[in-house]
Amino acid sequence: ILQEYTTLSARVFGDKSWFSLLNPKYDNNILKECIIKVLHKQGYDEQSTLGDLYERTGKHLVIPYVDLEDKGSWKMKYGETFTEEGRAMTLVDVLLFTTAAPSYFSSYKGNVDGAMGLNNPSLAGVMFAKENFPQRDIKLLSLGTGSTTACVEEKTDWGPMQWLAKKVKGGGLPVMLSLFMHMQEQTSAEAARRILGERSFHVIDLPLQQNFALDNYKAIPSLVVKTQDYIKNNAEGLWKKHVSWWQSI
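Residues numbered from 1 in each chain as written. Predicted model: local features only at pLDDT ≥ 70, side-chain atom pairs only at ≥ 80, totals over all residues. Heavy atoms only, no water.

**With respect to the environment of Ala-100**
Looking at where Ala-100 falls in the secondary structure, it is placed in the loop between α5 (91-98) and β3 (111-113). Placed 27 residues apart in sequence, Ala-100 and Met-127 show a C-alpha to C-alpha distance of 23 Å. Leave out the neighbours within four places in its chain, and Ala-100 touches Phe-105, Ser-106, Ser-107, Tyr-108, Asn-111, Val-112 and Asp-113. (Helix = DSSP H or I, 4+ residues; strand = E, 2+ residues; numbered from the N terminus. Contact = heavy atoms within 4.5 Å.)

Structure below.
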């Protein structure tokens, strides 16, 4: 997975648009080509569906995305394996819906990244699990992608331009966008934890000292090293707790 992800990221994010202020930074046609190549290696093709994946693996899947054109109103939707409608969706379509992050890629067939509403998809998993397996004891392992402390150490009596232009401590995203994404993530995680209970919801996330841009594929080797160091240096502490939780399932 790591090898495919590294190769795909370099291909997709290696060529920015010359007119990035007027167009998406990257071409999702290149992303589509890369996705299809990866699927071919796993025995799927461009027409393979979520139902095909479920029949082969026996594993359910829930992938949030946002429909921009549903009866004239934006709506959160899901690529999922629980309904006939969901299982009929192609893998390629769902993956291009959920990766269509505004400004990075254009929308795909009128849909964009589910992170617009569920930056942390934990709650989506809980909803579908509870709905379809009401008698089951549900446990959820949430795998993060690295986290930094995000705050503003100054008086925030700002106007619109300052909220949009100022960056959070340590660089990275503008304050308004960072606040929006962090609160989304926290709300989803808190709701999932309250629904399942403290012992049934567990998070593994790598603490980072600096922000990495979402399209900074050159940082992948550094992130791998940081992850390995995190596991090694916390073998008797926090990481041991992660392993103990997993073994208790």
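Now, onward.
**Some details on the packing of helix α1 (residues 2-12) against helix α2 (residues 28-41)**
At a closest axis distance of 9 Å, the pairing of α1 and α2 adopts a crossing angle of 160 degrees. Of the possible angle classes, the one that applies to α1 and α2 is roughly antiparallel. The two elements α1 and α2 meet at a crossing, and its hand is right-handed. Packed against α1, whose contacting residues are Glu-4, Leu-8, Arg-11 and Val-12, the element α2 presents Ile-30, Leu-31, Glu-33, Cys-34, Ile-35, Val-38 and Lys-41 at the interface. Classifying every residue of the contact of α1 with α2 gives seven nonpolar, no polar and four charged. (Axes fitted to C-alpha atoms, helices over the stretch in contact; angles between N-to-C directions. Parallel < 35°, antiparallel > 145°, perpendicular 65-115°, else oblique. Left-handed = near helix turned anticlockwise from the far one by under 90°. Nonpolar A, V, L, I, M, F, W, Y, C, P; charged D, E, K, R; others polar.)

**Quick look at the sheet that holds strand β1 (residues 62-70)**
With antiparallel pairing, the three strands of this open sheet are ordered in space as β2-β1-β3. The outermost strands of the open sheet, each flanked by one partner alone, are β2 (73-80) and β3. On average, adjacent strands in this sheet sit at an angle of 35 degrees to one another, irrespective of strand direction. Alignment of β1 against β2, held across seven bridges, turns out to be antiparallel. The partner of Pro-64 across the bridge, within β2, is Tyr-78. (Pairing = 2+ DSSP bridges.)

**So, the side chain of Asn-28**
Residue placement: Asn-28 occurs in helix α2. Look at Asn-28 and you get buried, because its relative accessible area is 9%. One polar contact links Asn-28 to Ser-106, side chain to side chain, over a distance of 3.3 Å. Among residues more than four places away in sequence, those in contact with Asn-28 are Leu-96, Phe-105, Ser-106, Ser-107 and Tyr-108. (Buried < 20%, exposed > 50% of the residue type's maximum accessible area, 1.4 Å probe, protein only. Polar contact = N/O pair within 3.5 Å; in protein donor to acceptor, adjacent residues only side chain to side chain.)

**So, the nonpolar core**
Inside soluble globular proteins, nonpolar side chains tend to come together where they are buried. Counting 24 residues, the largest nonpolar core has Val-12 and Phe-105 as the members making the most contacts within it. Every element with two or more residues in this core is listed here: α2, α3 (50-57), β1 and α5. No other element matches α2, which puts six residues into this core. Ranked by size, the runner-up nonpolar core spans eight residues in total, among them Ile-138, Leu-140, Ala-189 and Ala-192. (Core = buried A, V, L, I, M, F, W, Y, C linked by side-chain atoms within 4.5 Å.)

**Describing the packing of aromatic side chains**
Applying the stated rule across the entire model yields eight aromatic pairs. Ring geometry for Tyr-78 against Phe-128: centres 5.1 Å apart, planes inclined by 70 degrees, an arrangement best described as edge-to-face. Here the residue Tyr-78 occupies a position in strand β2, and Phe-128 occupies one in helix α6 (residues 122-132), the gap between them amounting to 50 residues. We classify Phe-128 as buried; its relative accessible area is 11%. Site record: aromatic cluster; members linked through ring pairs are Tyr-78, Phe-82, Phe-128 and Phe-133. The ring of Phe-133 carries the charged tip of Arg-136 above its face, separated from the ring centre by 5.5 Å. (Phe/Tyr/Trp six-rings, centres within 6.5 Å; stacked < 30°, edge-to-face > 60°. Lys NZ or Arg CZ within 6 Å of the ring centre and 35° of its normal.)

**Digging into unusual backbone geometry**
Located in the positive-phi region is Ser-103, a residue other than glycine, with phi close to 85 degrees. Its location among the elements puts Ser-103 in the loop between α5 and β3. Taking the relative accessible area as the measure of exposure, Ser-103 reaches 48% and is therefore partly exposed. With a phi angle near 55 degrees, Lys-109 is a residue other than glycine that sits in the positive phi range. Relative to the assigned elements, Lys-109 resides in the loop between α5 and β3. Looking at Lys-109, the relative accessible area reads 55%, which means it is exposed.

**So, the environment of Ser-147**
In this structure, Ser-147 sits in the loop between β4 (140-143) and α7 (160-165). Spatially, the C-alpha atoms of Ser-147 and Gln-210 are 8.7 Å apart, while their sequence positions differ by 63 residues. Those residues in contact with Ser-147 that lie beyond four places of it in its chain are Asp-205, Leu-206, Pro-207 and Leu-208.

By themselves these figures say nothing about function.
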